[in-house]
Amino acid sequence: MGDISHEKGSATSLRGPNVQSPPKGFKVIVAGGGVTGLTASHMLSKAGIDHIVIERNSDPAPATGASIAIYPHGSRILEQLGLLEELQKLSTPMERLVHRRPDGSEVLENDYWGEIRKNHAYELLFFERREFLQSLYDQLPDKSKIVTGKKVVEVLESHDGVSVLLSDGSREEGDVLIGCDGIHSLVRQHMWDQADTISPGLISISEKKTMMTSWTCLLGMGPREPALRSELSAVHNEGYSFLIGTQPHRTFFFVFFRVDKPYSQYTRPRWTQKDADDAAARIMDRPVSENVVFGDIWRRRHRATMVDIEEGVLTRWFFNRTVLVGDACHKVTPNIALGGNSGMESMALLTNLLHRTLAAHPNSAKPSRATLTKVFQEYQDRRIPRMRKIVEFSNLITRVQAWDGFAMKATALYVLPYQSRTALGQQIGEVIRDAEKLDFVPIKPRPGRITWKEHEDAPDKVVARSKSSSSGLHLVYSQ
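Residues numbered from 1 in each chain as written. Predicted model: local features only at pLDDT ≥ 70, side-chain atom pairs only at ≥ 80, totals over all residues. Heavy atoms only, no water.

**A look at the packing of helix α11 (residues 339-359) against helix α12 (residues 369-401)**
How two helices sit against one another is set out by the angle between their axes and by the gap between those axes.
1) Next: Put simply, α11 and α12 touch, their axes get as near as 10 Å, and they point 155° apart. The angle between α11 and α12 falls in the class roughly antiparallel. Between α11 and α12 lies a crossing of right-handed hand. Along the contact surface, α11 presents Ser 342, Glu 345, Ser 346, Leu 349, Leu 350, Leu 353, Leu 354, Arg 356 and Thr 357, while α12 presents Thr 371, Leu 372, Val 375, Phe 376, Glu 378, Tyr 379, Arg 382, Arg 383, Arg 386, Met 387 and Ile 390.
2) Next: Among the residues forming the contact of α11 with α12, the class breakdown is ten nonpolar, four polar and six charged. (Axes fitted to C-alpha atoms, helices over the stretch in contact; angles between N-to-C directions. Helix = DSSP H or I, 4+ residues; strand = E, 2+ residues; numbered from the N terminus. Parallel < 35°, antiparallel > 145°, perpendicular 65-115°, else oblique. Left-handed = near helix turned anticlockwise from the far one by under 90°. Contact = heavy atoms within 4.5 Å. Nonpolar A, V, L, I, M, F, W, Y, C, P; charged D, E, K, R; others polar.)

**Considering the pairing of strand β8 (residues 152-157)**
1) Next: Of the strand pairs in this sheet, β8 and strand β9 (residues 162-166) are connected by five bridges, and their pairing is antiparallel. Paired with Val 155 across the two strands is Val 164, which belongs to β9.
2) Next: Hairpin geometry of β8 and β9 is characterised by an intervening segment of four residues between the two adjacent antiparallel strands. (Pairing = 2+ DSSP bridges.)

**Section: the environment of His 249**
1) Next: With respect to the helices and strands, the residue His 249 is situated in the loop between β14 (240-247) and β15 (250-263).
2) Next: The exposure class assigned to His 249 is exposed, which follows from its relative accessible area of 65%.
3) Next: Counting along the chain gives 27 residues from His 249 to Gly 222, while the straight-line C-alpha distance between them is 8.6 Å. (Buried < 20%, exposed > 50% of the residue type's maximum accessible area, 1.4 Å probe, protein only.)

**Thoughts on the packing of aromatic side chains**
1) Next: What the rule picks out here adds up to twelve aromatic pairs.
2) Next: When the centroid spacing of 5.9 Å and the interplanar angle of 80° are considered together, the rings of Tyr 112 and Trp 113 count as edge-to-face. Each member of the pair, Tyr 112 together with Trp 113, is buried.
3) Next: Ring-pair connections join several aromatic residues into one group, and the members of that group are Tyr 240, Phe 242, Phe 253, Phe 257, Phe 294 and Trp 298.
4) Next: A cation over an aromatic ring shows up here: Arg 446 above the ring of Tyr 122, its NZ or CZ 4.1 Å from the ring centre. (Phe/Tyr/Trp six-rings, centres within 6.5 Å; stacked < 30°, edge-to-face > 60°. Lys NZ or Arg CZ within 6 Å of the ring centre and 35° of its normal.)

**A short note on the side chain of His 190**
1) Next: Here His 190 lies in helix α7 (residues 186-198).
2) Next: For His 190, a relative accessible area of 12% puts it in the buried group.
3) Next: Discounting residues that sit within four places of it in the chain, His 190 has contacts with Val 155, Glu 157, Leu 177 and Thr 322.

**Some words on the UniProt feature "domain: FAD-binding" (unreviewed entry) in the protein**
1) Next: Residues given the UniProt feature "domain: FAD-binding" (unreviewed entry) here are residues 27-393.
2) Next: As a span, residues 27-393 carries 34% helix and 30% strand, and end to end its C-alpha atoms are 36 Å apart. (UniProt positions renumbered as here; feature names shortened; annotations may be inferred.)

**Focus on the confidence of the model for the protein**
1) Next: Residue-level pLDDT values for the protein average 90, and 90% of them are 70 or greater.
2) Next: Counting contacts from residues 1-20, a segment whose pLDDT is below 50, to residues more than four positions away or on other chains yields 37 contacts.
3) Next: Predicted confidence is poor over residues 474-479, with pLDDT under 50, and the contacts of this stretch with residues over four places away or in other chains come to 19 contacts. (pLDDT = per-residue confidence, 0-100.)

**What to know about helix α13 (residues 406-415)**
1) Next: Those residues of α13 that sit buried are Met 408, Ala 410, Thr 411, Ala 412 and Leu 413.
2) Next: Structurally, α13 contributes buried residues whose contacts are with β5 (106-110), β13 (231-236) and α12.

**Regarding the packing of helix α2 (residues 34-46) against helix α6 (residues 129-138)**
1) Next: Packing of α2 against α6 leaves a shortest axis separation of 10 Å and a crossing angle of 15°. Judged on the interaxial angle alone, α6 and α2 are roughly parallel. Here α2 and α6 pass one another in a crossing that is left-handed. Contacts between α2 and α6 involve Gly 34, Val 35, Leu 38, Thr 39 and His 42 from the former and Arg 129, Phe 132, Leu 133, Leu 136 and Tyr 137 from the latter.
2) Next: Residue composition of the contact of α2 with α6, grouped by class: six nonpolar, three polar and one charged.

**Comments concerning the nonpolar core**
1) Next: Membership of the largest hydrophobic core comes to 112 residues, with the highest contact counts inside it found for Tyr 112, Ile 178, Leu 350 and Ile 428.
2) Next: Element by element, the count of residues in this core is highest for α12, at ten residues.
3) Next: For Ile 178, the contacting residues outside a window of four places in its chain are Val 28, Ile 29, Val 30, Ala 31, Val 323, Val 325, Met 347 and Leu 350.
4) Next: Grouped together as the second largest cluster of nonpolar side chains are 20 residues, Tyr 240, Phe 242, Ala 279 and Ala 280 included. (Core = buried A, V, L, I, M, F, W, Y, C linked by side-chain atoms within 4.5 Å.)

**A few points about the pairing of strand β10 (residues 171-174)**
1) Next: Here β10 shows a buried face lined by Glu 172 and Gly 174 and an unburied face lined by Arg 171 and Glu 173.
2) Next: Counting the residues between successive antiparallel strands, the hairpin from β9 to β10 contains four residues, one of them, Gly 169, with a positive phi of roughly 95°.

**Focus: the sheet that holds β10**
1) Next: Read from one edge to the other, the open sheet built from three strands follows the order β8-β9-β10, with strand pairing classed as antiparallel. Edge positions in the sheet fall to β8 and β10, since each of these pairs with one other strand and no more. Strand-to-strand, the axes of this sheet are offset by a mean angle of 20°, without reference to chain direction.

**Considering helix α9 (residues 273-282)**
Along an α-helix, a turn takes 3.6 residues, which lines up residues three or four apart on a common side.
1) Next: Within α9 the residues assigned to the buried category are Ala 276, Ala 279 and Ala 280. Along the long axis of α9, the arc covered by the buried residues comes to 100°, so they all point the same way. In α9, the exposed residues that point more than 90 degrees away from the buried face are Lys 274, Ala 281 and Arg 282. (Arc of directions from axis to C-beta.)

Spelled out as structure tokens, the structure:
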């Protein structure tokens, strides 16, 4: 795939004479709003593809969850969509990343934000999740494409299309159904049910149990804690860890607990507010810095909840006219905050492939189901290897922070504090540089120390690569 890296205004020449309007009547149904679903609407609009997004919440930006971080590979997609400038107004760069011992004392600190900026010429952005979603929604080119307060209750597929029954009795008809509806995806269940009917045995029990929970998380947010600096702080403990992030007017918190025995969706508990309160009570007096205990943050909270932290990558992301994107098919632990970025990246690749395919079927014939199968197969084949590596990398960060075994504790205490202050930035740079972006939308180049993968063959570029041997966190993402 060729890179498009030119100034705005040259879109006509970049798109080329063979790129035409997509076939009339071709429509994509997206199940699920959220980060992936709302960015899907922006991307499909850019590609000129008719679509509708079905979101079960009545509010497209509900006050749930805590924070979200956007790395440079997510930011350049947002820049292509024309969203980045407004989003940057909502985020303040942090002063540093710090790791702490159980007593709250520092074991290491570095300028993670500054290293990412130097490496990629984009800031690492940090938001309240609700504000991020609201900005995505507010900047939509056509809000009529988002239907809220309804959920998918039935999916019927034929050789020629897909029909989705909604909870209010209405139907949406389309050519492709994209499941962006998260870890407990109803679209994924429909896909499995259909595969079980048409091709028994195609979806194995092990596939259905791919997404396993080894960690639970108490997460939430509240006002700024006056005694905390502007930083992202990981606090090590035996079998659990704190992650505390601060912005000028907010404090976000995550507490990760190792479960006794990993479990799948079939045996997962249903967490209640009492469970969240009980979990907080057990750690109320634990330090999160030299002069703050968790109870100080908990008592001032605006909201908090207990959730499972599933992780895994499915081996089959599509069947017939249904295809999955984001947490519905690849789920990572959130300690290094690559989940939302990965969902946007997956949607960018799928949009690229649909855009290219539809350009070959202008104004008349729609692509056949066989053609769409080839599109989905290429999407799956290109994304699975990358997502498996990202899941492994995220898992490693989670385990180190929670001292999950002797090796992880030794790494946290006796290796990471003595490595180069630039090492983690270089390691995450390897993940960032390999990312997808939209290939039909121009983007202005930004010079950084680490070269994007699509530029590495350019004769005038020197590619910066990390040396994993310099770090105790061996980079599982290395080429």
